[in-house]
There are 2 protein chains.
Amino acid sequence: MSDAVTMDKIVALCRRRGFVFPSSEIYGGLGSSYDYGHYGVLLKENVKNAWLRAMVQERDDIVALDSSIILHPRVWEASGHVGGFTDPLVDCRTCKNRYRADHLEQSQCGKRPSKHPGETSDCDLTAPRQFNLMFETRVGAVEETGVPVYLRPETAQGIFINFKNVAQIARRKPPFGIAQVGKSFRNEITPGNFIFRTLEFEQMEMEYFVPPDEAEEWYRYWIDERLRWHVDLGVRESHLRVRPHDADELSHYSKATSDIEYHFPMGWSELEGVANRGAYDLSQQSEHSGTKLEWVDAGTGERFVPHAIEPALGLNRSMLTFLIDAYDEEVVADRERTVLRLHPRLAPVKAAVLPLIGKSDEMVATARSLFDELRRVLSVEYDDGGAIGRRYRRQDEIGTPWGLTIDEQTLGDDTVTIRDRDSLAQERLPLGRVREHLLDRLAEPWSSPKTD
Amino acid sequence: MSDAVTMDKIVALCRRRGFVFPSSEIYGGLGSSYDYGHYGVLLKENVKNAWLRAMVQERDDIVALDSSIILHPRVWEASGHVGGFTDPLVDCRTCKNRYRADHLEQSQCGKRPSKHPGETSDCDLTAPRQFNLMFETRVGAVEETGVPVYLRPETAQGIFINFKNVAQIARRKPPFGIAQVGKSFRNEITPGNFIFRTLEFEQMEMEYFVPPDEAEEWYRYWIDERLRWHVDLGVRESHLRVRPHDADELSHYSKATSDIEYHFPMGWSELEGVANRGAYDLSQQSEHSGTKLEWVDAGTGERFVPHAIEPALGLNRSMLTFLIDAYDEEVVADRERTVLRLHPRLAPVKAAVLPLIGKSDEMVATARSLFDELRRVLSVEYDDGGAIGRRYRRQDEIGTPWGLTIDEQTLGDDTVTIRDRDSLAQERLPLGRVREHLLDRLAEPWSSPKTD
């Protein structure tokens, strides 16, 4: 990564190439909300699929779940969110802004932006009050106003309340896990680091249920396992670190938590959290629902409340991390290019089919026919507009690992040129071998071209 | 399909095998909400991917989008949802139930369930009042209570408000489309047909923007195209029909709409809607936002507001349709079996690896090694528990198209038996050819074994 990677450059690339737009932009936007354009959708899906593949498809011991966003409101009483999921906020009586009382030093005074609200007499601050971060709405038409419910602030509780159903059907004995990807909502005042923290966001959470005396061991296992996932998909090890929480940072439910932090442009910040939640959640949901959530051995009668180890990663934040870590600018043959050195499995487009010169009918027909063959199995693009150098740069900017050029020689000997995004090396391949070649390359481990 | 397919049988299978559970069940449930278990998640993802593949990957003219659930509230004023997205409801003063005034004949009186609320004097009904179907919540902490916003009741408006951004970046001239998959929410009184209609649901919507004088032609094109998608994925043509809306059924925005209906157990009902929305939405969002949403030819200066043709399909409803259409019960060699004749591309698990007799170390090692090879590219299961007949029936019930048995002969000649879910035919394949064989079979068109 060049030293010059800033959040502004990432935001600009995302807008320019349609990865991410501010949401509701034609109405002036809605703070901390973003919409994902074509390449953003493809990249986000690829990150999600890489997670599901590692968590579910390639393992024997983890099953998938997709629970509702609106759950029974008592779930959130049991979990402690109704009582305790709050931020302390203060109001400025002068500029009418509201701030997190514990983040005053990262905030700007509305009247004197060069100052923090706490260090200037222009801000006349109220005492802090606790505001719940859950969005509330009302469901049903049984009474005049319906029943108050919440948009889930985490997907995890949907896992805990389904523990019994899943354990019975999956015929599983701990250790086993339940993995879920889905949207969560938090009504937060955010510092505005693009898609790092947004009002609605997608979480990838997994609860790994273990015998209580194995919890510590599995906690360490999952920290290592999750760290490896980011690295295998191309994030530089030197930009990652593990930071265990101090005792006074721990959530009410947690026995131990470690953050996997990434070196974002604004500094080291949480990328993923791995928590040892103990028996807290299953016990709480058991107590409030009256349904025993425990594991019982049908043979021996042995029973216990499993402890839960939870790796929890924000999908949008993970996508942002891959973008930042992949972003590079370099000068090649006196021309600047911006290139996303994404792992090929994450790249929104795997290959671009580019007829080289002019648009002779025969060359276009050959290129279209290759494109039609490839798009049945891969996300590929066809582009015959403009100079070849410009087309390459467009593909470099969205991270397409391979360019396939069809030229005069193709019509003679049925070969195409394959250009490597990172090394810029070009080699010729028989037309009939392209599909297999790309599938093989995607299945291989990737040797990252990145330098620290 | 046997004549005996009832919704109860589908619900029972879904619970028994963990496709779908009632949501928040340990708290007594939350009406019309469901959670998806392991096979449900896999099936739903496969349906979604089949739609995205047909809509985006295999076409040149449609791009993907993923907009926010919470949009600026003025979006819903412009769309007409704040003013007009309502159901007429009546209350019974006796039993305190609430009913849709236009669905009284499908409802049960709370005191006399054998009667409709309208035909018995036990129900003392109020006059109908209009209730908006949008869930309302409040966002932000700028004022005491935040700003009122809505959970989107359709994904389509997220597409219209992003029209300009997408059209500019994708360098597209109509006709072109924008496709989106995501959750929507409607605070409805539902008749309780399992996942046919739920409070939160996933939509797959595509807006195809066309020159006004081509709208009628593209409307007909998309009805045919969408009908073909369901049939290609295995839904029987005899269970599908197209029903154009009468003039008095049309939504306020629609110039013409046709429902693709499926013969559900409760009768013919909407599976997918294809609507000609005309210029209504782009014009409304332009007017309310002050941003012109139109297409302008940079060369000629030609400009027009494109008309939108919209195929809109519920993901959950589509999954339900595939389940119902695939469900079969038959007697084979004096034993009953339940089998889901799902298209192999939709099946949650593509193949099961089953070591045949006992668990000799060598046989298990061979089976595990095949399993490990396959799961890198496909969703597969390993099962060595119980009699082989029981294991087959378990796979039949979840629709696994191929069973791979490892037996004594495997250890001698490195071949395995592949069993076909539908024909029950068995043939032997070299171990080293299994992976390629399965991938080839998945790429081929599927000849459905279903009879009308």
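Here, every reference points to the structure presented above.
Q: Would you explain the pattern of salt bridges in this entry?
A: If charged atoms from side chains of opposite charge come close, those side chains can pair. For the coordinates displayed, the defined rule picks out 88 salt bridges over all chains. For Glu202 of chain B, the salt bridge is made with Lys44 of chain B, and the minimal N-O distance between the two is 2.8 Å. With a gap of 158 residues between them, Glu202 of chain B in strand β10 (residues 200-210) and Lys44 of chain B in helix α2 (residues 38-57) connect regions that are remote in the sequence. You can call Glu202 of chain B buried: its relative accessible area is 13%. Close ionic contact of Arg341 of chain B with Glu330 of chain B constitutes a salt bridge, the shortest N to O distance being 3.1 Å. Taken together, the positions of Arg341 of chain B in the loop between β18 (335-340) and β19 (351-355) and Glu330 of chain B in strand β17 (residues 327-332) put the pair 11 residues apart, joining distant regions of the chain. A relative accessible area of 24% places Glu330 of chain B in the partly exposed class. Through salt bridges that share partners, Asp328, Glu330, Arg337, Arg341, Asp396, Arg419, Arg421 and Asp422 of chain A make up one connected network.

Q: Can you walk me through the sheet that holds strand β5 (residues 98-100) of chain A in this structure?
A: Working definition: the strands of a sheet are paired by backbone hydrogen bonds and lie parallel or antiparallel to each other. Residues and elements named next belong to chain A. One open sheet holds the three strands; their spatial order is β5-β4-β6, and the pairing between them is antiparallel. Among the strands making up the open sheet, the edge pair consists of β5 and β6 (129-132). Geometrically, the sheet is characterised by an average inter-axis angle of 50° between neighbouring strands, direction not taken into account.

Q: Is there a simple way to explain the packing of helix α2 (residues 38-57) of chain A against helix α7 (residues 215-232) of chain A in this structure?
A: When two helices pack together, you describe them by how their axes are tilted relative to each other and by the distance separating the axes. All names here are of chain A. Remark: α2 packs on α7, axes separated minimally by 12 Å, with the N-to-C direction vectors making an angle of 140°. Accordingly, the angle class assigned to the pair α2 and α7 is oblique. α2 and α7 meet at a crossing whose hand is right-handed. Together, Val47, Ala50, Trp51, Ala54 and Met55 of α2 and Trp222, Arg226 and Trp229 of α7 make up the contact between the two elements.

Q: How should I be thinking about the pairing of strand β23 (residues 426-430) of chain B in this particular structure?
A: When a strand is regular, its side chains alternate between the sheet's two faces. Residues and elements named next belong to chain B. Both strand β22 (residues 415-420) and β23 contribute to a ladder of five bridges, which runs antiparallel. Bridged to Val416 within β23 is Leu429. Counted along the chain from β22 to the antiparallel partner β23, the turn is five residues long, and its residue Leu424 has a positive phi close to 65°.

Q: Is there a simple way to think about the interface of chain A and chain B in this case?
A: Put simply, an interface is often sized by how much accessible area is lost when its parts join up. Taken together, the contacts link 87 residues of chain A with 87 residues of chain B. Summed over both partners, the interface of chain A with chain B buries about 6800 Å², with 49% contributed by carbon and sulfur atoms. Broken down residue by residue, the surface that chain A buries against chain B is led by Ile26, Tyr27 and Asp66 of chain A, which jointly contribute 12%. Among the ionic pairs, Arg368 of chain A bridges to Asp60 of chain B, the shortest N-O distance being 2.8 Å. Taken together, the links from chain A to chain B amount to 42 residue pairs in polar contact (both at pLDDT 80 or more). For the side of chain A that touches chain B, the leading source of residues is α2 of chain A, giving nine residues. Across the side of chain A that touches chain B, the residue classes tally to 35 nonpolar, 22 polar and 30 charged.

Q: Which parts of the structure should I look at to understand the packing of aromatic side chains?
A: Two aromatic rings, taken as a pair, are described by how far apart their centres are and by the angle between their planes. Evaluated as defined, the whole model comprises 32 aromatic pairs over all chains. A ring pair is formed by Tyr262 of chain B and Phe264 of chain B, whose centres lie 5.0 Å apart and whose planes are at 80°; its orientation type is edge-to-face. Assigned by exposure class, Tyr262 of chain B and Phe264 of chain B land together as buried. In textbook terms, an aromatic cluster arises when at least three aromatic residues are bridged by ring pairs, as seen for Phe160, Phe163, Phe176 and Phe209 of chain A.

Thresholds, definitions, all that
Residues numbered from 1 in each chain as written. Chains lettered and ligands numbered in written order. Predicted model: local features only at pLDDT ≥ 70, side-chain atom pairs only at ≥ 80, totals over all residues. Heavy atoms only, no water. Salt bridge = Lys/Arg side-chain N within 4 Å of Asp/Glu carboxyl O. Helix = DSSP H or I, 4+ residues; strand = E, 2+ residues; numbered from the N terminus. Buried < 20%, exposed > 50% of the residue type's maximum accessible area, 1.4 Å probe, protein only. Pairing = 2+ DSSP bridges. Axes fitted to C-alpha atoms, helices over the stretch in contact; angles between N-to-C directions. Parallel < 35°, antiparallel > 145°, perpendicular 65-115°, else oblique. Left-handed = near helix turned anticlockwise from the far one by under 90°. Contact = heavy atoms within 4.5 Å. Buried area = accessible area lost by both parts, 1.4 Å probe. Polar contact = N/O pair within 3.5 Å; in protein donor to acceptor, adjacent residues only side chain to side chain. Nonpolar A, V, L, I, M, F, W, Y, C, P; charged D, E, K, R; others polar. Phe/Tyr/Trp six-rings, centres within 6.5 Å; stacked < 30°, edge-to-face > 60°.

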